[in-house]
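Each chain, letter by letter, is given below.
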Amino acid sequence: MTALRRVLGAPGLWLTIAALKLALAFVLVRPARAVLEASLAPFTITSGRSALLIELTRIIARHEAIAAALVTSLILTAILGVLLWLLVAGAVITRLAARRSLDETLGASLRYLPKIALVTVYSLIPRALVVFNLVVDPLGMENFWARLIVFWLGWTWCTLALDRARAGVVLRGASALDPRPLVGAFLEVVTRRRGLAAAGVMLLGGLTMVATLELGVWYLGAPWVVWAARLLAIVSVGLALWRIAFAVEAALDEGARAPGS
Amino acid sequence: MFVGVAAYGRARRYGGPALAVLLALTLACDAPSVPESAPVPEPSAALRPPEARGHVPSDARVADYVIDARLDADEHQVTGTVRITWRNRTSRTVDDLQLHTYMNAFRAEDTAWMREARGGHRGSSLAHEDDAPGWGYVDLLAVRRLDHESPPPPRGASELSAAAPVQLRWAEGEDPSVTRVALDEPLGPNDQVTVELDFVTQLPRVFARTGYAGDFHMLGQWYPKIAVLETGGWRNHVFTLNAEFYADFGDYTVHLDVPENMIVGASGVLVEERVEDGRKRLRYDAEMVHDFAWVADPDFVEHLGEWHGIRIRQLLQPEHARDAPQHLAAQIAALESMEARFGPYPWSTITIVHVPKEAKGAGGMEYPTLYTTSDILARKPWHALVGFDERLSGVFTTIHEFGHQYFQGLLASNEQRQPWLDEGMNTFSNGLAIMDWTQSESPVVARLGNQVATVDQLGRLTMLVKTDLVPVDSAAEEFPKLTESYGSTVYRKTAALMQTLRSYVGHPRFDAALRVYAERWRFRHPTGDDLVATLLEQLGPRATLTREGDERVELDVRDYLDQALHTVRRVDFELERVQNRRAVSSAGWHRDEHGALVGGEPPAEETSIAELADDELEGVVVVRRKGDFQLPVELEIEFSDGAVVRRWWDGRDAYRIFVWPGRRVARATVDPDRLIALESYTLNNTRFAPELERDDGLSRPIGDTVELVELALLGGLGL
Ligand SMILES: [Zn+2]
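I will try to describe carefully the structure that is included in this document. (Residues numbered from 1 in each chain as written. Chains lettered and ligands numbered in written order. Predicted model: local features only at pLDDT ≥ 70, side-chain atom pairs only at ≥ 80, totals over all residues. Heavy atoms only, no water.)

## Considering the sheet that holds strand E31 (residues 573–582) of chain B
Strand pairing in a sheet is mediated by backbone hydrogen bonds. Such pairs are either parallel or antiparallel.
Residues and elements named next belong to chain B.
Moving on, step 1. Here three strands make up an open sheet; going across it, the order is E31-E34-E37 and the pairing antiparallel. The strands lining the two open edges of the sheet, one partner per strand, are E31 and strand E37 (655–661). Pairwise comparison of adjacent strand axes, ignoring direction, gives a mean angle of 15° for this sheet. (Pairing = 2+ DSSP bridges. Helix = DSSP H or I, 4+ residues; strand = E, 2+ residues; numbered from the N terminus. Axes fitted to C-alpha atoms, helices over the stretch in contact; angles between N-to-C directions.)

Here it is as structure tokens:
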């Protein structure tokens, strides 16, 4: 079965995660929005769409709590985003590997959570290096674009290796405590053609994220823009599942090759 | 000359994200280079030809200087002699001469300047990791009076130190930034005296306008300078943190002796240059200026331009040489705007100095025919991705510092006594210059994606804080550093109060009045009263704001200027109420023509306002003057049928109620045309009637944007 077919065969999984993501964003922004509304009421701003940031600055200068509410909302989202994907990882891998009942799928989420969290923690070390290189530039790569490309390649590599290691934990019962499977995964994803395909899908996911932010920057205030972002969010969930499906295929292949399986 | 402008315009056009990325990639690959500039010869005279220079009154010439100075670039020291010929143009007789010895402000921790600054100035600090102490001072070695019966000595270094001088005594004041020289005989009205002073100036490490950083030497406030004698006596202020300068006009002949490798820029024109024994000897002449500054750095790259016979010379750091055309474009735009608005620029040169990054403290400072600017913010590739662009850094500094050639260079007010007359009026004129340059009434100076910021918007934002502590018309020392009120009040609030007045009386009328001020006070020392008097004379005491037929509302110009300049009152109007209510009906008992009670209809039933017909209700708007600044304000009212009316309110009382019988009010807006630049908090200026459910215009788009960022963050890209 191809990776894409695995994703298309699990529309419930896709839509559930997408719905979780949309709901999370929708809910997390409400308190900040309420603070903003309360600070502005009962007045209306009519200075036009191109002055929204100026007006936001003006109201924050008077009501500093708005800034705190906005920042809190974003930080909370970042944290919950990581937790969300940690939580669903077991279910995603289990469901993409084969058709399972709802109970089994949900159970996998919780059962594998500690192990998946542990592998994820290991993967933070190379990720830190990748971020360090982008921000601090210890190698003296002055060209920003070159540094960005290196960052993206490094980040993709870490992500694919983590996907592969997680799939190993869930589908092959690999040890999560032992970092060697993760190291092996780093090697595997760059030596197989499947890794290249997964990297391509990852790039599409990255572009989806950039496209979302660019929409926000260039069309700030347009009433349709949040709907476009929601649509892109659903697409990006599909792309993330597709990427993970490559790791699932790899783990299943390993199983097929391994003696006695 | 205008190639620079065109190129600048092109780089600043925004074609959306894709084009932006391309632009960023091109910029990223572009190596720094020095743009070519056509050779422009040094003018032969420091003033422009008579037909171009405008009026230069001969009686404004009070203090002439001949200076001979030698720079020791290793010790960062200047030794020199200055000969000052000073004319007493007042009706007073004086028995002393008062000198500014500005450089002594940097001599120790306990000078008036350092005490207020506590070692820092605009983010730069005197403390430094290297061993050099970094202090600056000017030490007088000798003061002598030359025979004033003989004709003024011919100019030239060799002529300095004439024979048979009378040695004079001098003493530093309580603060070493002022020095008093006792004359051997009193000096009466119209008398003139020539004194010669030997001095050594130790430059401080640059942190506040003047000094050295490596091989870079900025020589401002570097020689003993005579104070201004007014009818009330000497105006010799102690140099403090915000107190800038005040001096009389005169001619300068300055001989400089510097290491051969130095590239020098100075006030005035270069008339002689010789190289011998590893030293370069230069002579500069400046006419009808009130200060002389110079700069020396072996690393300077030169870029030349020209505008109507004015030689525009830029001295750039090599790493910023690429920015020269943009600064030139801004300089030319400023010249065009300022000449048209405030009369001819009288001098034949203008030198723009770009200071190295170690000498940031010297950047953004004006001297006659020479100023230092700041760097244009380097464009990062990601700026294009987020659509970031601005013309505030560098370019704005160039416009601002050039503006000072008028607001203090020509209109030489006392910067210590009334700093708003130069910094504030200049900031106001900079806004006009940018309007003229961009041919827009609300020029955009910064962008981020589809968001823009105009001069007016940024000005209002900076005025949100600390403009209600010290009145605008205060002396420099009255703005303690601890209040952080100097910049927002002196620069921004002055600009805003002038902008508001301009909008209220009408642009052509105001511009003409200011033109009269600029022409009348060229080469003089105007005070705030002089400016106010000119404005009152030209604008009249009152300006009618209302249209023919409306209830008359006028702006009392004097009262407005009084409040704006001499009080800390704030402008803030708020819509207290915008609503519709049931009109009074004829229900109930009334007497008829025979005196009998008739009628007796029951009271009208409680009906929701939304359901009432227009003729059963009345629209009500209550506008409140929340700030204590009393100012007429215009209101715009929109009715539910789409009709829009405007009304003026004199703003004297604390509130005003407007009622429209039989009309349903939909919306009201205070100051709909945003004429009151002094009002920084404008978020309470528009309100809708409650029965018209309305989005507040900000929470939804900002909420949506935050949600969008959150959706991007939740992308599942890897963790
Ligand atoms: Zn200034």
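## Digging into the interface of chain A and chain B
Moving on, step 1. Counting residues at the interface gives 73 residues for chain A, matched by 58 residues for chain B.
Moving on, step 2. On the chain A side of the interface with chain B, the three residues burying the most area are Phe43, Arg58 and Trp218 of chain A, jointly 14% of the side's total.
Moving on, step 3. Our count for the contact surface shared by chain A and chain B stands at three salt bridges.
Moving on, step 4. Between arginine 230 of chain A and glutamate 707 of chain B there is a salt bridge whose closest N-O contact spans 2.7 Å.
Moving on, step 5. Mapped onto the side of chain A that touches chain B, the elements with two or more residues apiece are helix H2 (11–40), helix H3 (52–62), helix H4 (65–97), helix H6 (113–136), helix H7 (144–171), helix H9 (193–218) and helix H10 (225–257) of chain A.
Moving on, step 6. With 12 residues, the top contributor of residues to the side of chain A that touches chain B is H2 of chain A.
Moving on, step 7. Grouping the amino acids of the side of chain A that touches chain B by side-chain chemistry returns 44 nonpolar, 16 polar and 13 charged. (Contact = heavy atoms within 4.5 Å. Buried area = accessible area lost by both parts, 1.4 Å probe. Salt bridge = Lys/Arg side-chain N within 4 Å of Asp/Glu carboxyl O. Nonpolar A, V, L, I, M, F, W, Y, C, P; charged D, E, K, R; others polar.)

## Quick notes on the side chain of arginine 283 of chain B
Residues and elements named next belong to chain B.
Moving on, step 1. Among the structural elements, arginine 283 can be located in strand E19 (residues 279–289).
Moving on, step 2. A distance of 2.8 Å separates the side chain of arginine 283 from the side chain of aspartate 285, its partner in a polar contact.
Moving on, step 3. Arginine 283 has contacts with Thr253, Val254, His255, Val269, Leu270, Val271 and Glu272, leaving out every residue within four places of it along the chain. (Polar contact = N/O pair within 3.5 Å; in protein donor to acceptor, adjacent residues only side chain to side chain.)

## So, the coordination of the zinc ion
Residues and elements named next belong to chain B.
Moving on, step 1. Looking at the zinc ion, one finds its protein donor set to be His400 (NE2), His404 (NE2), Glu423 (OE) and Glu423 (OE), positioned 2.0 to 2.8 Å from the metal centre.
Moving on, step 2. Sequence spacing of the donor residues for the zinc ion, all on one chain, is H-x3-H-x18-E. With histidine 400 in helix H7 (residues 395–403) and glutamate 423 in helix H8 (residues 423–438), this pair connects stretches of sequence that are 23 residues apart. The two residues histidine 400 and glutamate 423 agree in class, both being buried. (Donors = N, O, S within 2.8 Å, 3.2 Å for Na, K, Ca; no water. Buried < 20%, exposed > 50% of the residue type's maximum accessible area, 1.4 Å probe, protein only.)

## Let's talk about the sheet that holds strand E2 (residues 77–87) of chain B
Residue and element names in this part refer to chain B.
Moving on, step 1. The strand order across the open sheet built from eight strands is E7-E6-E10-E2-E1-E16-E19-E18, with neighbouring strands paired in mixed fashion. Where the open sheet ends on each side, the last strands, each with one partner, are strand E7 (166–167) and strand E18 (269–276).
Moving on, step 2. The sheet contact formed by E18 and E19 spans seven bridges and is antiparallel. In the strand pairing of E19, valine 269 is matched with aspartate 285.

## Quick look at the pattern of salt bridges
Moving on, step 1. This structure, assessed with the given rule, holds 67 salt bridges over all chains.
Moving on, step 2. In this structure, the salt-bridge partner of glutamate 249 of chain A is arginine 6 of chain A, at a minimum N-O distance of 2.6 Å. Remark: arginine 6 of chain A occurs in helix H1 (residues 3–8) and glutamate 249 of chain A occurs in helix H10; sequence separation between them is 243 residues.
Moving on, step 3. The class of glutamate 249 of chain A is buried, set by a relative accessible area of 11%.
Moving on, step 4. Between glutamate 484 of chain B and lysine 466 of chain B there is a salt bridge, and its shortest N-O distance comes to 3.0 Å. Placement of glutamate 484 of chain B in the loop between helix H9 (455–462) and helix H10 (486–505) and of lysine 466 of chain B in the loop between H9 and H10 is noted, with a sequence separation of 18 residues between them.
Moving on, step 5. Note on glutamate 484 of chain B: relative accessible area 55%, which makes it exposed.

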